[in-house]
Amino acid sequence: MTELNELFRQRLGIPDHTKLTFDILDYILEKTATAIPFENLNIISNTTKAITRENLINKILIKNEGGLCYQLNPLLYYFLVENGFHGVLVRAEVYNQTTNDWSNLGRTHVAILLQHEGQTYLVDTGFGGNLPLQPLPLNGELISSMNGEFRVKAVESEYGDYIFEYKLKYKDTEWKIGYAFDTKRIVEDVSELNEVQGIILEHKDSRFNKISLITQLISDGNVTLTDTSFTQWIDGNCTKEQIDSVRFKELAKLHFGFNE
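Residues numbered from 1 in each chain as written. Predicted model: local features only at pLDDT ≥ 70, side-chain atom pairs only at ≥ 80, totals over all residues. Heavy atoms only, no water.

**Digging into the overall build of the chain**
The test is simple: Labels follow the DSSP assignment, with helices taken as runs of H or I lasting at least four residues and strands as runs of E lasting at least two, numbered in each case from the N terminus. For this measure, only C-alpha atoms enter the radius of gyration; the expected value for a globule follows 2.2 Å times N^0.38, where N is the number of residues. The buried label applies to any residue whose accessible area, calculated with a 1.4 Å probe on protein chains only, is under 20% of its type's maximum; exposed applies above 50%, and partly exposed to all values in between. Computed by Shrake-Rupley with a 1.4 Å probe, the accessible areas treat only the displayed protein chains as cover when residues are assessed. Counting rule for charge: Lys and Arg are taken as positive, Asp and Glu as negative, and neither His nor the chain ends is counted. Charge positions come from single atoms, namely NZ of Lys, CZ of Arg, CG of Asp or CD of Glu.
Check the secondary structure of the chain and you find 7 helices and 14 strands. In summary, the chain has a C-alpha radius of gyration of 17 Å against a globular reference of 18 Å for 260 residues, a match within 12%. Overall size of the chain, expressed as C-alpha extent along the three principal axes, is 50 × 45 × 35 Å. In the chain, which comprises 260 residues, the share counted as buried stands at 50%. Of the roughly 12300 Å² that the chain leaves accessible, carbon and sulfur atoms contribute 47%. Across the chain, 25 positive and 36 negative side-chain charges occur, with their mean positions spaced 3 Å apart.

**Overview of unusual backbone geometry**
The phi dihedral of N100 is positive, around 55°, even though this residue is not glycine. Positionally, N100 belongs in the loop between β2 (86-96) and β3 (101-102).

**Considering the packing of helix α5 (residues 69-82) against helix α6 (residues 193-202)**
Where we set the bar: Simply put, an axis is a line fit to the C-alpha atoms, just over the touching stretch for a helix, and the angle between two N-to-C directions goes from 0 to 180 degrees. Note on terminology: angles under 35 degrees are roughly parallel, angles over 145 are roughly antiparallel, angles of 65 to 115 are roughly perpendicular, and the others are oblique. Contacts are assigned to residue pairs that have any heavy atoms within 4.5 Å of one another. Charged residues are taken to be Asp, Glu, Lys and Arg, nonpolar residues to be Ala, Val, Leu, Ile, Met, Phe, Trp, Tyr, Cys and Pro, and polar residues to be all remaining types, Gly included.
Where α5 contacts α6, the axes come no closer than 10 Å and their chain directions differ by 155°. Between α5 and α6, the angle falls in the class roughly antiparallel. Note on element contacts: α6 touches α5 through L193, V196, Q197 and I200, opposite Y70, Q71 and P74. Within the contact of α5 with α6, the residues separate by chemical class into 5 nonpolar, 2 polar and no charged.

**Observations regarding the nonpolar core**
Generally speaking, soluble globular proteins have nonpolar side chains that are buried together. The following threshold applies: Here, nonpolar core refers to any group of buried Ala, Val, Leu, Ile, Met, Phe, Trp, Tyr and Cys residues whose side-chain atoms link them within 4.5 Å.
Residues F8, L61, Y70, L75, L76, F79 and L193 are the most contacted members of the largest nonpolar core, which totals 41 residues. For this core, the secondary-structure elements that each account for two or more residues are α1 (3-12), α2 (25-35), α4 (53-62), α5, β4 (109-116), β5 (119-123) and α6. The greatest single-element share of this core, amounting to 8 residues, is contributed by α5. Once you skip the residues sitting within four places of it in the chain, L76 turns out to touch F8, L29, T32, I112, V123 and T125. Residues A33, L131, L136 and Y179 belong to the second largest nonpolar core, which totals 22 residues.

**Brief notes about the sheet that holds strand β11 (residues 213-218)**
Here is the rule we go by: When DSSP finds at least two bridges between two strands, those strands are taken to pair.
Within the open sheet, the 5 strands sit side by side as β1-β11-β12-β13-β14. Their pairing is antiparallel. Two strands close off the open sheet at either side, each with one partner strand: β1 (38-39) and β14 (237-242). Helix α7 (residues 245-256) rests against β11, β12 (221-226), β13 (229-234) and β14 of the sheet, and its axis sits at about 150° to β12.

**Quick word on the pairing of β14**
Residues in a regular strand point their side chains to alternate faces of the sheet. Little of β14 is tucked away, with 0 of its 6 residues classed as buried. Taking the residues that link successive antiparallel strands as the turn, the β13-β14 hairpin has 2 residues, and the phi of D235 there is positive, at about 50°.

**Considering the environment of V196**
You can see V196 is positioned in helix α6. Owing to a relative accessible area of 0%, V196 belongs among the buried residues under this scheme. Here the alpha-carbon distance between V196 and R185, two residues 11 residues apart in the chain, equals 15 Å. Setting aside anything within four residues of it in sequence, one finds V196 in contact with Y70, R91, R107, T108 and V110.

**A closer look at the packing of α1 against α4**
Threshold: When the near helix sits turned anticlockwise from the far one by under a right angle, the crossing is termed left-handed; a clockwise turn instead gives a right-handed crossing.
Remark: α1 packs on α4, axes separated minimally by 10 Å, with the N-to-C direction vectors making an angle of 25°. Taken together, the axis directions place α1 and α4 in an arrangement best described as roughly parallel. The handedness of the crossing between α1 and α4 is left-handed. From α1, E3, L4, L7, F8 and R11 reach across to α4, where they touch R53, I57, I60, L61 and I62.

**Side note on α7**
Residues spaced three or four apart along an α-helix point in a common direction, a consequence of the helix completing one turn every 3.6 residues. Threshold: Helix span is expected to be 1.5 Å times the residue number reduced by one. What the arc describes is the spread of directions from the helix axis to the C-beta atoms. Here a polar contact is recorded for every N or O atom pair within 3.5 Å, except that within protein the pair must consist of a potential hydrogen donor and a potential acceptor, and residues adjacent in sequence are included only if both atoms are side-chain atoms.
The end-to-end C-alpha distance of α7 is 16 Å, a good match for the 16 Å that 12 residues give at a rise of 1.5 Å each. All of the buried residues along α7 are F248, L251, A252 and F256. Projected onto a plane normal to the axis of α7, the buried residues spread over an arc of 105° and lie on a single side. Relative to its buried face, α7 has exposed residues pointing more than 90 degrees away, namely V246, K249, K253 and L254. On its buried face, α7 is in contact with α3 (41-45), β11, β12 and β13. Of the residues that open α7, the one with a side-chain oxygen 3.3 Å from the backbone nitrogen of V246 is D244. Just past α7, the residue G257 takes up positive phi, approximately 80°.

Below, the structure written as structure tokens:
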């Protein structure tokens, strides 16, 4: 068993002898979402490293940090491939819910397309709190999980041939567009994702280079920490606490295991 496979299983609490099959992918995705936070602290502190297999292992599995989509999904992709799955990485154009338009950052989201028994599925553990927690077939079928309802529809646009939509439990009454992706434009090499990281790090319209963000799903909701607030959704009830930098460090350690 490789270092990545062993350490990933340790972080998720999956025994070494457990055989990973498509039928337990929802279990793996829930474990991943509740064990590894979505966070941008390296972006804020300007301590990013190149996107390589080794650097992803070090950041997420050895230092026990989290990451953004272009870190979380490639690591999960490596883990799945090592356990017999067949898939590719794709880049996607994110829909901006604030402006009700596509972002102008380009294809900065990264997700996984898995092949299973002649069908393609979208797998994503890097979309903040909007995670399906299950593989989504590309046929429009509605998939439900503890986090809400999700689907992937065939829609031709300048951004690709499919769109991912979601309706979060307790939060959304209408479907929201998450992102569009192109199944014909796959990521040929993980080094391509350094371009994504560069945009996230430097672009004036990037959401992730302005304030610290850590968010993670928990068994009964999710928790989100920023420079100024700590928000908890528990069983549909929302509480929000205004915080300062001292409290930020306390909460980052308490809820997400960060010591810095």
